[in-house]
Amino acid sequence: MTVKIVTLGCKVNQAESEALAARLASEGFAVASADTPASEIDRVIVNTCAVTAEAGRKSRQAIRRALGECRDVQVTGCYEKLEPGAVAGTARLTLSSVLPDKPQESGESRLRQPESFSKRQKAYLKIQDGCDNHCTYCVIPQLRGSSRSVPRGEIEHTLERFRASGFQQIVVTGIEIASYGSDCGTNLTELLLGLKRKTPELRFWLGSLEPRWLTAENLQPLTGLIEPEFHISVQSGCGSVLKRMGRRYSAADVLRGIELLRSLFPGCTIGADIIAGFPGESDEEFSATCDFLRTVNLDSLHVFPYSVRPGTPAAEMNPQLPKAVKLARAAELRRLNA
Ligand code: SF4
């Protein structure tokens, strides 16, 4: 049987799809490549995303496209958890039943992490899943559960497989990597020092970072050991909006963290995520974020118009801003940072 995997969303989804491909191949399935003719495909698995309403729409679109190609369509990932069976005619694939989080009774000590990474120069090394932060606008904790660290031995084993497959560039990824080790008595800095010691020739990039992790204690030991390209989940440059988002830092904290990055990693590049048009965001609050961006002068900016997610506290907040206002503010932030 030939199986095609369609993946939407974050680096964790990409890593899980690669792990799924490895698992299927080990069970004798042929895993389709981009140029496998539709006529040769027996099953399509769509690994979906639900982080925004737009991601949900794209997931439904991908599922319908798959149904147009093949009658045997399985759906997995965050959107399937959020809206099970949203598109008729599909079956549900529970990823955790195929890719278990914990080593099995069966003695199968090794989790099925990706063997390699097709179509990419950088391999995504998944070190953590879930999140304990419960930001008021986010559905991820509902869908992926509490923060869990991948066992150190498993990470090293996967890294060894990446190295054996010829990868030199590694992106350390997870849902909230700054919380790595909080459930097993270690932390992200210790992990990175250990991985770099074991594989000094490999280059490591970090996935998105929480601003609270930007401290001298966490960063100082890593100078010269990780790639000087950072992406920060800032979300707003206004203290009162950050409070309503449930983000536990101030705009001043972010500024301090970014200055620290620039002093410890001279010449580094810094990007950030910002949400535009959060519920109740006044003109003054929006201009506070604009002032913040002018001050911090980022190298790149991902702007997301606020997207109502079902079951989140922010979905109940008032006033919800009109779509036109959210889009206009998002456009202004992109222009401002261009
Ligand atoms: S840190 Fe906040 S935004 Fe990020 S996954 Fe966790 S709850 Fe969602």
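Residues numbered from 1 in each chain as written. Predicted model: local features only at pLDDT ≥ 70, side-chain atom pairs only at ≥ 80, totals over all residues. Heavy atoms only, no water.

Q: Could you clarify how one ought to interpret the overall build of the protein in this entry?
A: Within the protein, the regular secondary structure consists of twelve helices and 13 strands. Computed over the C-alpha atoms, the radius of gyration of the protein is 21 Å, within 12% of the 20 Å expected from 2.2 N^0.38 for a compact globule of 338 residues. The 338 residues of the protein split such that 51% are buried. Contacts spanning at least 24 positions in sequence make up 75% of the contacts within the protein whose residues lie at least 6 apart. About 15,200 Å² of surface is accessible on the protein, with carbon and sulfur atoms providing 51% of the total. If the 42 positive side-chain charges of the protein are averaged to one point and the 39 negative ones to another, these points end up 2 Å apart. (Helix = DSSP H or I, 4+ residues; strand = E, 2+ residues; numbered from the N terminus. Rg over C-alpha atoms; globule rule 2.2 N^0.38 Å. Buried < 20%, exposed > 50% of the residue type's maximum accessible area, 1.4 Å probe, protein only. Contact = heavy atoms within 4.5 Å. Areas by Shrake-Rupley, 256 points an atom, 1.4 Å probe, with all protein chains shown as cover. Lys, Arg positive; Asp, Glu negative; His and termini not counted. Charge placed at Lys NZ, Arg CZ, Asp CG, Glu CD.)

Q: How do you make sense of the sheet that holds strand 5 (residues 91-92) when you look at a structure like this?
A: Adjacent strands of a sheet form backbone hydrogen bonds with each other and so pair up, either parallel or antiparallel. Taken together, five strands build an open sheet; the order of strands is 2-1-3-4-5 and the sheet is parallel. Only two strands of the sheet have a single partner each, and these edge strands are strand 2 (30-31) and strand 5. With two bridges connecting them, strand 1 (residues 2-7) and strand 2 associate as parallel partners. Bridging from a neighbouring strand, T2 pairs with A30 of strand 2. Its contacts with the sheet place helix 1 (residues 11-26) against strand 1, strand 2 and strand 3 (43-48), and it is angled at close to 175° to strand 1. Sitting on the sheet, helix 2 (residues 53-69) is in contact with strand 1, strand 3 and strand 4 (73-77), with an inclination near 180° to strand 3. (Pairing = 2+ DSSP bridges. Axes fitted to C-alpha atoms, helices over the stretch in contact; angles between N-to-C directions.)

Q: Would you mind showing me how to read helix 11 (residues 283-296) here?
A: Residue pairs spaced three or four apart in an α-helix point in one direction, given the helix's 3.6 residues per turn. Between its first and last C-alpha, helix 11 extends 20 Å over 14 residues, near the 20 Å set by a 1.5 Å rise per residue. Of the positions making up helix 11, those classed as buried are E285, F286, T289, C290, F292, L293 and V296. For helix 11, the angular spread of the buried residues around the axis is 155°, confining them to a single face. Opposite the buried face of helix 11, at more than 90 degrees from it, the exposed residues are D283, E284, R294 and T295. Contacts made by the buried residues of helix 11 are with strand 11 (229-235), helix 9 (239-245), helix 10 (251-264), strand 12 (269-276), strand 13 (300-305) and helix 12 (323-337). Of the residues one or two after helix 11, N297 is the one with positive phi, at around 50°. (Expected span 1.5 Å × (residues − 1). Arc of directions from axis to C-beta.)

Q: Looking at this structure, how should I read the pattern of salt bridges?
A: One side chain can pair with another of opposite charge once the charged atoms of both are near each other. Scanning the entire structure with this criterion turns up 21 salt bridges. In this structure, E16 and K126 form a salt bridge, with 2.7 Å as the shortest nitrogen-oxygen distance. Taken as a pair, E16 in helix 1 and K126 in strand 6 (residues 122-126) lie far apart in primary sequence, 110 residues in all. Each member of the pair, E16 together with K126, is buried. What emerges from the salt-bridge pattern is a single network uniting E16, K126, D129, R144 and R148. (Salt bridge = Lys/Arg side-chain N within 4 Å of Asp/Glu carboxyl O.)

Q: I tried to follow the site of the ligand on my own but got confused; where do I start?
A: Around the ligand lies a shell formed by C131, N133, H134, C135, Y137, C138, I140, P141, I175, E176, E210 and R247. Looking at the shell around the ligand residue by residue, the classes come out as seven nonpolar, two polar and three charged. (Near = heavy atom within 4 Å. Nonpolar A, V, L, I, M, F, W, Y, C, P; charged D, E, K, R; others polar.)

Q: Just to check I follow, could you spell out the nonpolar core for this structure?
A: If you look at soluble globular proteins, the nonpolar side chains tend to sit buried side by side. Residues I127, I170, L188, L209 and L333 are the most contacted members of the largest nonpolar core, which totals 61 residues. In contact with L188, not counting residues within four places along its chain, are I127, V172, I177, A178, Y180, L209 and W213. Membership of the second largest hydrophobic core comes to 14 residues, among which are A32, A55, A62 and I63. (Core = buried A, V, L, I, M, F, W, Y, C linked by side-chain atoms within 4.5 Å.)

Q: Would you mind going over the sheet that holds strand 10 (residues 203-206) with me for this structure?
A: Reading across the sheet, the three strands line up as 6-9-10 and stay open at both edges, with parallel pairing between neighbours. Both edges of this open sheet fall to strand 6 and strand 10, since each of them pairs with a single strand only. Neighbouring strand axes in the sheet, compared pairwise and without regard to direction, differ in orientation by 30° on average. In this sheet, strand 10 lies alongside strand 9 (residues 169-173) in parallel orientation, the contact comprising four bridges. Among the inter-strand pairings, Q169 is bridged to a residue of strand 10, identified as R203. Packed onto the sheet, helix 6 (residues 152-164) meets strand 6, strand 9 and strand 10 and runs at close to 165° relative to strand 6. Each of strand 6, strand 9 and strand 10 is contacted by helix 7 (residues 188-198), which is oriented at about 160° to strand 10, the strand it contacts most.

Q: Sorry if this is basic, but what is going on with the pairing of strand 4 here?
A: Two faces belong to every sheet, and in a regular strand the side chains alternate between them. With five of its five residues buried, strand 4 lies for the most part within the structure. Residue alternation in strand 4 divides its side chains into two sets, V73, V75 and G77 and Q74 and T76, and both sets are buried. Of the crossover connections in this fold, the one passing from strand 3 over helix 2 to the parallel strand 4 is right-handed. Pairing of strand 4 with strand 5 involves two bridges; the strand directions are parallel. Across the sheet, the residue bridging to Q74 is A91, located in strand 5. (Right-handed = clockwise from strand over helix to strand, strands pointing away.)

Q: Just to check I follow, could you spell out the side chain of T2 for this structure?
A: Relative to the assigned elements, T2 resides in strand 1. You can call T2 buried: its relative accessible area is 16%. Residues contacting T2, with those up to four places away along its chain left out, are A30, A32, T36, E40, I41, D42 and R43.

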